[in-house]
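Results of the structural survey
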Amino acid sequence: MGAPITTGASFHEMWRDLAPIGRNTTTNGYRRYAWTEADADCRAWFKEQAQNRGLTYEVDRNGNQWAWLGDPEAGDAIVTGSHLDSVPDGGAFDGPLGVVSSFAALDELRARGAHPAKPLAIVNFGDEEGARFGLACVGSRLTSGQLSVAQAHELRDADGLSLPRAMERAGYDPDAIGPDPERLARIGAFVELHIEQGRALDATENPVGVASAIWPHGRWRFDFHGEANHAGTTRIEDRRDPMLTYANTVLAARKKAKLAGALATFGKVSVEPNGVNAIASLVRGWLDSRAADEETLAAVVREIERAAVERGQRDGVDVRVTRESFTPVVEFAHDLRDQLSGLLGGVPILPTGAGHDAGILSASVPTAMLFVRNPTGVSHSPAETAGEDDCLAGVAALAEVLEGLACH
């Protein structure tokens, strides 16, 4: 699978320094939300890594961080990296493994005496997880024009603070955000390393694989409108309880997804008035659904919505569904994908159901992904993990890829 890494010292040092940032000592999970203090500490760490290596550091108009080896203006650059933010109580590897491995791979190239003929860059895309403002991949979506400035200004966190105001409070200029075609035009290829979010590699002897495609996926908000009333005095037959409709919809989502070979998850819910002794007036639940193709995904969501409406009619509950985001199927550039697999000696090529910045950028530049083996398949959880040897194998693989793309 290519030459082994000569030293893992820089990887271990970076991992040790980054590990405490944004970590919740009660859950052992990470709370690195966009434009918060933890996010600022992660950004400071990235800047320090860039400066320690003598790289040209910059922040683009959308708050994404870049570290350049070579002339940023030269064009045909080979870019790698990922993100540093997290889901609520997320794991240590999702995102940071890609950023840390990128710096370590650059160190490996320098240790080998490699001389890139093209510019190399490492990027930390902002707000990839969407944990604070409800939309994933905000930094890459803005850069690629897949999120308009007007739409970005409408994004708000749970406290009602808008994305522009959050950026402003963090010291960034919200009036500068928007599409950045000039920057994208400089990129010849983007390769993102990521922990595998699943166990396909665990069934093989390979610590590293190459992505073939990302399943289409989206987020839908289900609003269940009922009638608030007293929990202790309202007869069962007189209730218009949206929690009942919501609960049945959760069960229906599991059933419809399983029948179609798809995925459907209600992972976030809000309740009004949210009192122990009160029947709710409104339950709002967010559905995440994914499938191997767009027709199946549309059919599954349609069936879940139909089940919700039918149950709502029985319960006296009005159901309204709003699609908040959608990402179509992403087929990574086949020539680049096959080139990576060849550089690594024919490692497995596998699909994924998880979204990534590489998927967003694929509409604008050639993109590819490397996956590092996940022995449990657990992700978006404090239990997320990868073996030390596998992480170093990922660094070695990324170094091999960068050398093959930028030095030959």
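See the structure shown above.
None of the values given here were measured: they were computed from a predicted structure. (Residues numbered from 1 in each chain as written. Predicted model: local features only at pLDDT ≥ 70, side-chain atom pairs only at ≥ 80, totals over all residues. Heavy atoms only, no water.)

Our focus in this paragraph is the packing of aromatic side chains. For the structure shown, the criterion picks out 13 aromatic pairs. Summarising the aromatic geometry, the rings of F125 and F190 are spaced 5.9 Å apart at their centres and angled 90° between planes, so their arrangement reads as edge-to-face. Of this pair, F125 sits in strand β4 (residues 120–125) while F190 sits in strand β5 (residues 187–195), and the two are 65 residues apart along the sequence. Given the relative accessible area of 1%, F190 is considered buried. Look at F222 and F224: their rings are 6.1 Å apart centre to centre, the planes differ by 25°, and that puts the pair in the stacked class. Put simply, the rings of W45, F46, Y57 and F103 pair up and form one aromatic cluster. K268 extends its terminal NZ or CZ atom over the ring of W286, reaching a point 4.5 Å from the ring centre. (Phe/Tyr/Trp six-rings, centres within 6.5 Å; stacked < 30°, edge-to-face > 60°. Helix = DSSP H or I, 4+ residues; strand = E, 2+ residues; numbered from the N terminus. Buried < 20%, exposed > 50% of the residue type's maximum accessible area, 1.4 Å probe, protein only. Lys NZ or Arg CZ within 6 Å of the ring centre and 35° of its normal.)

This structure, assessed with the given rule, holds 28 salt bridges. Residue D60 is joined to R183 by a salt bridge in which the shortest nitrogen-to-oxygen separation is 4.0 Å. Of this pair, D60 sits in the loop between β1 (56–59) and β2 (65–69) while R183 sits in helix α7 (residues 181–185); the two residues are 123 residues apart in sequence, bridging distant segments of the chain. Ionic pairing is found between E403 and R112, a salt bridge with its closest N-O pair at 2.8 Å. Taken together, the positions of E403 in helix α12 (residues 388–406) and R112 in helix α3 (residues 96–112) put the pair 291 residues apart, joining distant regions of the chain. Residue classification places R112 among the partly exposed residues on the basis of a relative accessible area of 26%. Three or more residues joined by partner-sharing salt bridges are found here, namely E58, D60, E73, D180, R183 and R186. (Salt bridge = Lys/Arg side-chain N within 4 Å of Asp/Glu carboxyl O.)

Geometry of a packed helix pair, given as the angle between the helix axes and the separation of the axes. The N-to-C vectors of helix α8 (residues 242–260) and helix α9 (residues 294–315) enclose an angle of 150°; their axes lie 9 Å apart at closest approach. Here α8 is positioned roughly antiparallel relative to α9, judged by the angle of their axes. Considering the relative orientation of α8 and α9, their crossing is right-handed. Across the interface between the two elements, L244, T245, N248, T249, A252, A253, K256, A257 and A260 of α8 pack against T296, V300, E303, I304, A307, A308, R311, G312 and D315 of α9. (Axes fitted to C-alpha atoms, helices over the stretch in contact; angles between N-to-C directions. Parallel < 35°, antiparallel > 145°, perpendicular 65-115°, else oblique. Left-handed = near helix turned anticlockwise from the far one by under 90°. Contact = heavy atoms within 4.5 Å.)

Within the element layout of this structure, D175 appears in the loop between α6 (163–169) and α7. Spatially, the C-alpha atoms of D175 and H334 are 37 Å apart, while their sequence positions differ by 159 residues.

What follows covers the state of the cysteines. If you walk through the whole model with that rule in mind, you get 0 disulfides. With no disulfide of its own, C137 lies closest to C42 among cysteine sulfurs, the gap being 17 Å. No disulfide involves C391; its nearest neighbouring cysteine sulfur is the one of C42, lying 17 Å away. (Disulfide = S-S within 2.5 Å.)

Let us look at the nonpolar core. Counting 53 residues, the largest nonpolar core has F11, W45, L97, F103, L340 and L370 as its most contacted members. If you tally residues by element for this core, the top one is α12, at 11 residues. If sequence neighbours within four positions are ignored, W45 has contacts with M14, D17, L18, I21, L84, V99, V100 and F103. Among the nonpolar cores identified, the runner-up in size contains 21 residues, and W68, A121, L184 and L201 belong to it. (Core = buried A, V, L, I, M, F, W, Y, C linked by side-chain atoms within 4.5 Å.)

To continue, consider helix α1 (residues 9–18). Taken together, the buried positions of α1 are S10, F11, M14, W15 and L18. Buried residues of α1, seen end-on, are gathered within an arc of 130° and therefore sit on one face of the element. Considering only its buried residues, α1 is in contact with α2 (37–52), α3 and α12. (Arc of directions from axis to C-beta.)

Here we come to empty space enclosed by the protein. Counted by the stated rule, this structure contains 4 cavities of 30 Å³ or more. Lining the largest cavity are L55, A67, W68, L69, T80, S102, L106, L120, A121, I122 and L402. When residues of the lining of the largest cavity are traced back to their parent elements, those giving at least two are β2, α3 and β4. Considered as a void within the structure, the second largest cavity measures approximately 50 Å³ in volume. The wall of the second largest cavity is formed by W35, N62, G126, D127, V138, G139, L142, L163 and M167. When residues of the lining of the second largest cavity are traced back to their parent elements, those giving at least two are α4 (138–144) and α6. Here the element with the most residues in the lining of the second largest cavity is α4; it accounts for 3 residues. The residue makeup of the lining of the second largest cavity, split by class, is 5 nonpolar, 3 polar and 1 charged. (1 Å grid on protein atoms, 1.4 Å probe; cavity = no way out; pocket = protein on both sides within 12 Å on 5 of 7 lines; lining within 4 Å. Points joined across faces, edges and corners; volume = space filled by probe spheres on them. Nonpolar A, V, L, I, M, F, W, Y, C, P; charged D, E, K, R; others polar.)

Compared with the 27 Å implied by 1.5 Å per residue over 19 residues, the 27 Å span of α8 between its first and last C-alpha is a close match. Where α8 is buried, its residues contact β7 (217–225), β9 (263–272), β11 (282–290), α9 and β12 (318–327). Two residues or fewer past α8, G261 is found with a positive phi of approximately 70°. (Expected span 1.5 Å × (residues − 1).)

The subject of this paragraph is the pairing of β2. Along β2, 4 of the 5 residues are buried, which leaves the element largely enclosed by surrounding structure. Alignment of β1 against β2, held across 4 bridges, turns out to be antiparallel. Looking at β2, one finds that V59 is bridged to Q65. In sequence, β1 turns back onto β2 through a hairpin of 5 residues, with G63 there showing a positive phi of about 85°. As paired strands, β2 and β4 are joined by 5 bridges and run antiparallel to one another. Within β4, the residue paired with A67 across the bridge is I122. (Pairing = 2+ DSSP bridges.)

What follows covers the pairing of β7. Extensive coverage of β7 is indicated by the burial of 7 of its 9 residues. The pairing of β7 with β11 spans 9 bridges and is antiparallel. Looking at the pairing, G218 lines up with S289 of β11. Summarising the sheet, β7 and β12 pair through 9 bridges and their orientation is antiparallel. For H225, the partnering residue across the bridge sits in β12 and is D318.

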